[in-house]
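Spelled out from the first residue to the last, the chains are:
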Amino acid sequence: MTKNPIVAIGLDTANPQLLEDLMSKGYLKNLKALREQGAYGHLTYANSSEEMQWTTFVTGCTPEQTGHWSRLTFSPDSYAVGESSVYGFSKHQPFYALGDDYRVAILKTPQAPIAEGVSGVQVSRRRSLPTDLVGELTEKHGKIREYKEYGCWWDRGNLTFLHKATQEGIARHTAMCKDLLHREPWDLFVTVIDEPHYASHDFWYLSQPDHPLHPYRSKDIFSSDPLMDVYEAADRSLGEILAEVPENAHVLVFSIDGMGWNTTDLPSMVFLPELLYRFNFPGQYGLAKGKVGTPAPAPVANPKRQSWAGEVWQLRHDPNPIRGAIRRLLPGKYQDKLDQYLGSPQRPALTSPYQLLKQYPSLFWQPTLWYKALWPQMKAFALPSFGDGQIRINLQGREKQGIVPVSEYDSLCEQLMQHLYSLKDARTGQPMVTRVIRTRQNALDADPGIPDADLLVEWQDYPSDVVDSPDFGRIGPIPYCNTGGHKPVGFLMAKGPGIQPNSDLPTTSRVVDLAPTVLNLLGAPTPDYCEGKPLFNREVSNVSNSSS
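What counts, and where the lines are drawn
- For every chain, the first residue of the written sequence is number 1, and numbering continues from 1 along that sequence.
- Confidence filtering applies because this is a predicted model: local features only for residues at pLDDT of at least 70, side-chain atom pairs given and counted only at 80 or more, and all residues used for totals across whole chains, interfaces and linings.
- Hydrogens are left out, water is left out, and the side-chain values use all remaining heavy atoms of the structure.
- Salt bridges are counted wherever a side-chain nitrogen of Lys or Arg sits within 4 Å of a carboxyl oxygen of Asp or Glu.
- Under the DSSP-based scheme used, a helix requires at least four consecutive residues in state H or I and a strand at least two consecutive residues in state E, with every element numbered from the N terminus.
- Put simply, a nonpolar core is a bunch of buried Ala, Val, Leu, Ile, Met, Phe, Trp, Tyr and Cys residues held in one set by side-chain atoms that sit within 4.5 Å of each other.
- Three labels apply to residues, based on accessible area from a 1.4 Å probe with only protein chains included: buried if under 20% of the type maximum, exposed if over 50%, partly exposed otherwise in between.
- Contacts are assigned to residue pairs that have any heavy atoms within 4.5 Å of one another.
- Starting at the helix axis, one direction is taken to each C-beta atom, and the arc is that of these directions.
- We call two N or O atoms a polar contact when they sit within 3.5 Å, provided that within protein one can donate a hydrogen and the other can accept it, with sequence-adjacent residues counted only if both atoms are side-chain atoms.
- Whether two strands pair comes down to DSSP finding at least two bridges between them.
- Between rings of Phe, Tyr and Trp, where Trp is taken as its six-membered ring, a pair exists when centres lie within 6.5 Å; planes separated by under 30 degrees are stacked, by over 60 edge-to-face, and by other angles tilted.
- Lines fitted to the C-alpha atoms define the axes, with helices restricted to the stretch that makes contact. Angles between their N-to-C directions range from 0 to 180 degrees.
- When describing relative orientation, an angle under 35 degrees is termed roughly parallel and one over 145 degrees roughly antiparallel, while 65 to 115 degrees is termed roughly perpendicular and anything else oblique.
- Any cysteine sulfur atom paired with another within 2.5 Å is treated as part of a disulfide.
- By the convention adopted, Pro, Cys, Tyr, Trp, Phe, Met, Ile, Leu, Val and Ala count as nonpolar, Lys, Arg, Asp and Glu as charged, and the other residues, Gly among them, as polar.

Q: An account of the pattern of salt bridges is needed here, citing residue identities and associated values.
A: Under the counting rule described, the total for this entry stands at 24 salt bridges. Residue Lys140 pairs with Asp179 through a salt bridge whose shortest N-O separation is 2.7 Å. You can see Lys140 sitting in helix H5 (residues 133–141) and its partner Asp179 sitting in helix H6 (residues 156–183), a full 39 residues away along the chain. In this structure, the salt-bridge partner of Asp454 is Arg440, at a minimum N-O distance of 3.3 Å. Highlighted residues: Asp454 in the loop between strand E15 (433–438) and strand E16 (455–459) and Arg440 in the loop between E15 and E16, separated in sequence by 14 residues. Residues joined in a network through salt bridges with shared partners are Arg392, Arg398, Glu399, Arg440 and Asp454.

Laid out in structure tokens, this is it:
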């Protein structure tokens, strides 16, 4: 065993600014003590792939190197969308695959595989190595909780369930951590408390007064702030886990990104595909045709349907107002039957999410896919995304049914960028787009490190539910989806021998630095492909506690 074992505990999407505010008010006592005992700072990442930052943590590599930009894939041969939630790790192994020289325990770490070359134990939600360990832990402590990432914020039953389930999930996870820590003196112990992630998605508008939906919240669901309840439970868990850790250990508590108000769901999933529909089919409207030049209506504060997809689908444009009103009153499952008799209200027609359910059981609710049957006819279309907007050019020689000549690629990209930069929030008049990134300077560049998208769209940092385009009209209002969304800033707290109390990390600290930092403290070699750098001096890992 090394002189100084490493215990690394992730708090998934814990917002550093919110943590700092709560600690200043006397909450989160264990985190506050840890901050005072060691170093602290924010972690950033430079690319636009917020979905894959756990892969960056596990490998020490950015998406530019792994080529793993999204958990969704696109096939130019078939226009099919696939799912690849975990990086293959054939090229870049997890940093903790350290062979027989180190005893390692990995418990419930997102996007972390059951990897070869790990001497110790590995436990995910459903699998483990040894294979029977997950069953043993489940029998002793209860099943590892799983949560909906896209629950309805207006569903009182879902909110009360989530509040209870996150408390239970944290308690079970804590018990499993203590169990594994008692089994042997690990050189490296890594685990992640992921409940802040799911709670922040659904509770953000209830907790944070600056969210546009906060004034419309139901005030009789919870007697306390449900998001703070989860943070406090995670803090108690941290205290219980650290009570089992050797005194001479290096302790790292971190988050690879944060959470704030959601600024990407509606823009990437609704505004972008609808804007491109109107661009490709002039004079036609697919979803949520609004009235430009009039004050924006109030936000949709009382959705009636049982799903966000159902709420958005009933906003299909119908040029016949009476028929459109009938559609909006019908339950979603009957709208497809009405289309069979009356025809689709749009031309070209969108595909119903109910028709997509069998083919895409985990993605059918994303409006980007409702336009998928039309992609071969479109010059450019929006790819499904859980973060920044993604635009694919339907290019000749690359897409099977490509219609854009290579000679027109650059001019089309410029044209689309102009339309995007002219898009405005209809409530504030502020630009919706802060930056559009071209991923290819050469239209046919097939470098595997480039994302499927030709253009990445970064949105303004404020929630928007209705937008205006000077060329294509108003889209919205759209009911909000998740009220909390990912933000590109995390944090690291670290204490242990050689780490100065109440010290600050460099302001340039990044998520990609975490893996090299752990390996440095462990005294293990850092793979050449790791892109980050250790955040502490090498000699820190050789400092022993005087009692050791």
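Having put the structure on the table, let's press on.
Q: Any chance you could break down the nonpolar core for me, citing the residues and the numbers?
A: Counting 123 residues, the largest nonpolar core has Leu31, Phe203, Val253, Trp308, Trp375, Ile391 and Leu416 as its most contacted members. Excluding residues within four positions of it along the chain, Trp375 makes contact with Phe74, Tyr79, Val81, Thr368, Leu369, Phe381, Ala382, Leu383, Pro384 and Asn394. Core analysis: the next-biggest nonpolar cluster, separate from the first, contains 39 residues, Tyr45, Phe57, Ile106 and Ala494 among them.

Q: Got a sec to walk through helix H2 (residues 29–37)? Specific residues and values, please.
A: Every buried residue belonging to H2 is among Leu31, Leu34 and Arg35, and all of these are buried. Angularly, the buried residues of H2 cover 100° about the axis, an arc narrow enough to put them on a single face.

Q: Go over helix H1 (residues 16–24), please, and point to the residues and values.
A: Residues separated by three or four positions in an α-helix point in the same direction, a consequence of the helix having 3.6 residues per turn. All buried positions along H1 are accounted for by Pro16, Leu18, Leu19, Leu22 and Met23. Viewed end-on, H1 has its buried residues packed into an arc of 160°, placing them on one side of the element. Summarising the contacts, the buried residues of H1 are in contact with H2, strand E2 (39–44), helix H7 (195–207), helix H8 (226–242), strand E10 (258–261) and strand E20 (489–495). One side-chain oxygen at the N-terminal end of H1 lies 2.8 Å from the backbone nitrogen of Gln17; it belongs to Asn15. At the exit of H1 stands Gly26, carrying a positive phi of roughly 95°.

Q: Go over the pairing of strand E8 (residues 188–193), please, and point to the residues and values.
A: In terms of burial, E8 is largely enclosed, as 6 of its 6 residues are buried. Neither face of E8 is exposed, since Leu188, Val190 and Val192 on one face and Phe189, Thr191 and Ile193 on the opposite face are all buried. Bridge count between strand E1 (residues 6–11) and E8: 6 bridges; the pairing is parallel. Its bridge partner lying in E8, Ile6 is registered against Leu188. Two elements, strand E5 (residues 99–107) and E8, share 4 bridges in a ladder whose sense is parallel.

Q: Lay out the packing of aromatic side chains in plain terms, naming residues and giving numbers.
A: Applying the stated criterion across every chain yields a total of 22 aromatic pairs. Residues Phe57 and Phe254 carry aromatic rings whose centres are separated by 4.9 Å and whose planes lie at 35° to one another, so their mutual orientation is tilted. Residue Phe57 is found in helix H3 (residues 53–59), and its partner Phe254 is found in strand E9 (residues 250–255); the two are separated by 197 residues along the sequence. Residue classification places Phe254 among the buried residues on the basis of a relative accessible area of 1%.

Q: Before we move on, could you go through the packing of H7 against H8 and cite the residues and values that matter?
A: Between two packed helices, what matters for the description is the angle formed by their axes and the separation of those axes. At a closest axis distance of 7 Å, the pairing of H7 and H8 adopts a crossing angle of 150°. By the angle between their axes, H7 is roughly antiparallel relative to H8. Where H7 approaches H8, its residues Glu195, Pro196, Ala199, Ser200, Phe203, Trp204, Leu206 and Ser207 are matched on the opposing element by Pro226, Leu227, Val230, Tyr231 and Ala234.

Q: Tell me about the sheet that holds strand E7 (residues 128–129), and please be specific about residues and values.
A: Pairing is mixed across the open sheet formed by 9 strands, whose spatial order is E7-E6-E5-E8-E1-E9-E20-E2-E21. A single partner strand is all that each edge strand has here, and the edge strands are E7 and strand E21 (503–504). Summarising the sheet, E9 and E20 pair through 5 bridges and their orientation is antiparallel. When the sheet's bridge partners are listed, Leu252 is paired in E20 with Ala494. Running at roughly 65° to E20, H2 makes contact with E1, E2, E9, E20 and E21 of the sheet. Each of strand E6 (118–123) and E7 touches H5; the most contacted strand, E6, lies at about 45° to it.

Q: Would you mind going over the state of the cysteines in detail, with residue names and values included?
A: Tallying each qualifying case throughout the model produces 0 disulfides. Distance from the sulfur of Cys152, which forms no disulfide, to the nearest cysteine sulfur (Cys481) is 8.1 Å.

Q: Which residues make up the sheet that holds strand E13 (residues 389–393), and what are the values?
A: Ordered in space as E12-E13-E16-E15, the 4 strands form an open sheet in which the pairing is antiparallel. Of all strands in the sheet, those bounded by a partner on one side alone are strand E12 (380–382) and E15. Averaged over all neighbouring strand pairs, the angle between strand axes comes to 25°, with direction disregarded. The pairing of E13 with E16 spans 3 bridges and is antiparallel. By the bridge assignment for E16, Gly389 is matched with Val457. Along the sheet, helix H9 (residues 265–280) contacts E12, E13 and E16; its crossing angle with E12, the most-contacted strand, is approximately 160°.

Q: Which residues make up the side chain of Asp194, and what are the values?
A: With respect to the helices, strands and loops of the structure, Asp194 is situated in the loop between E8 and H7. Under the relative-accessibility criterion, Asp194 is labelled buried at 3%. Within polar-contact distance, the side chain of Asp194 engages the side chain of Lys108 at 3.3 Å. Once you skip the residues sitting within four places of it in the chain, Asp194 turns out to touch Asp12, Lys108, Arg125 and Tyr147.

Q: How would you sum up the packing of H1 against H8? Please name residues and give values.
A: The interhelical angle for the contact between H1 and H8, taken along N-to-C directions, is 80°, at an axis separation of 12 Å. With respect to their mutual orientation, H1 and H8 come out roughly perpendicular. On H8, the residues touching Leu18, Leu19 and Leu22 of H1 are Leu227, Met228 and Tyr231. Grouping the constituent residues of the contact of H1 with H8 by class yields 6 nonpolar, no polar and no charged.

Read these as geometric descriptors, not functional statements.
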